[in-house]
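Summary of the model geometry
Letter by letter, the chains look like this.
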Amino acid sequence: MFDGILFDLDGTLWDATPVMAEVWAQVLSRHPEVSRPPVGLEEIRGNMGLLLDEIEVRMFPDQSEAERRAVTDEFCAMEEEYLATRGGVLFSGTEEILTALAEKYRLFIVSNCQDGYIECFYRGNGLERFFSGHECAGRTGLPKSGNIKLVAERYGLKNPVYIGDTVLDCSSAQEAGVPFLHAAYGFGQVPGASYVTAFDQIPAALEAMSPP
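Report on the accompanying structure. Note that this is a predicted model, so its numbers are computed, not measured.

Okay, the sheet that holds strand β7 (residues 180–183) next. Reading across the sheet, the six strands line up as β5-β4-β1-β6-β7-β8 and stay open at both edges, with parallel pairing between neighbours. Two strands bound the open sheet, and with one partner strand each, they are β5 (131–136) and β8 (195–196).

This part takes up the packing of helix α4 (residues 65–86) against helix α6 (residues 117–125). Axis separation between α4 and α6 bottoms out at 6 Å; the angle between their running directions is 25 degrees. As the angle between them shows, α4 and α6 are arranged roughly parallel. Between α4, through E79, E80, L83, A84 and R86, and α6, the contact on the second element is made entirely by Y117, C120, R123 and G124. Residues belonging to the contact of α4 with α6 are distributed by class as follows: four nonpolar, one polar and four charged.

Attention shifts here to the pattern of salt bridges. What the rule picks out here adds up to twelve salt bridges. R45 is the salt-bridge partner of E42, the closest N and O atoms lying 3.8 Å from each other. With a gap of three residues between them, E42 and R45 both fall in helix α2 (residues 41–47), about one helical turn apart. The exposed category is assigned to E42, whose relative accessible area is 62%. A relative accessible area of 22% means that R45 is categorised as partly exposed. Here the salt bridges share partners, and the residues they tie into one network are D8, K144 and D169.

As a further point, take α4. Helix length check: α4 (22 residues) gives 31 Å between terminal C-alpha atoms against 32 Å at 1.5 Å per residue, within 8%. Listed as buried for α4 are R68, V71, T72, F75, C76, M78, E79, Y82, L83 and A84. Contacts made by the buried residues of α4 are with β2 (14–15), α1 (17–29), α3 (52–59) and α6.

Conventions used here
- Starting from 1, residues in each chain are numbered consecutively following that chain's sequence as written.
- Per-residue local features of the predicted model are confined to residues with pLDDT of at least 70, and side-chain atom pairs are confined, for both listing and counting, to 80 or more; whole-chain, interface and lining totals are unaffected and use all residues.
- Computation of side-chain values: all heavy atoms of the structure, hydrogens and water removed.
- Strands are treated as partners if at least two bridges between them are detected by DSSP.
- In this text, helices come from DSSP runs of H or I with a minimum length of four residues, and strands from runs of E with a minimum of two, each type numbered from the N-terminal end.
- To define axes, lines are fitted to C-alpha atoms, for helices over the stretch in contact only, and angles between the resulting N-to-C directions are given on a 0 to 180 degree scale.
- Every angle not falling under 35 degrees, over 145, or within 65 to 115 is termed oblique; those three ranges are roughly parallel, roughly antiparallel and roughly perpendicular.
- For this analysis, residues touch if any pair of their heavy atoms sits within 4.5 Å.
- Each residue gets one label: Ala, Val, Leu, Ile, Met, Phe, Trp, Tyr, Cys and Pro are nonpolar, Asp, Glu, Lys and Arg are charged, and the others, such as Gly, are polar.
- By salt bridge we mean one thing: a side-chain nitrogen of Lys or Arg within 4 Å of a carboxyl oxygen of Asp or Glu.
- Relative accessibility decides the category of a residue: with a 1.4 Å probe and only protein chains considered, values under 20% of the type maximum give buried, values over 50% give exposed, and everything between is partly exposed.
- Given a helix with a known number of residues, its expected span is that number minus one, times 1.5 Å.

In structure tokens:
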């Protein structure tokens, strides 16, 4: 069977977008030089999985690189403070299913987020005990496929699987040579991929996908 499960974070393990929308509203209220509509949930969810510099350009196309980075840095600092304290919205059954999965597999997180964001997920929701390790683009500078490979090599995984909710997650797993399971309850559509429509379906789906 698989010897490791690598999870994407946003849209796969939790939904932090309500907190993000609240933080964006506060940050942009302090930057009248940034003229744009309020940041809504759909826009945030549409940016999930992208690297931070890509998100900056999409959200603030009329600002200079320095202005974009200043606003985004302010957002990230406040976002991490909020999430570490309040947590995000966990998908139904997350803690119970992680408990069951951790009895059979080693669990990891691989995300395109900024450095420190995964730690906020741990602290805000008290779930660090389930995971053997994590990696992110903000720390390594690598694309998600590179971080999937890095985690597999670092922990000696021979048959890992990656679970995520977007096309980028799927293509990253393919580039890393790792099977993919689509979290179709999340933020993206991945035609043709094996999928689950709820978090509690993951154990059975992994049993069906496990290599011989």
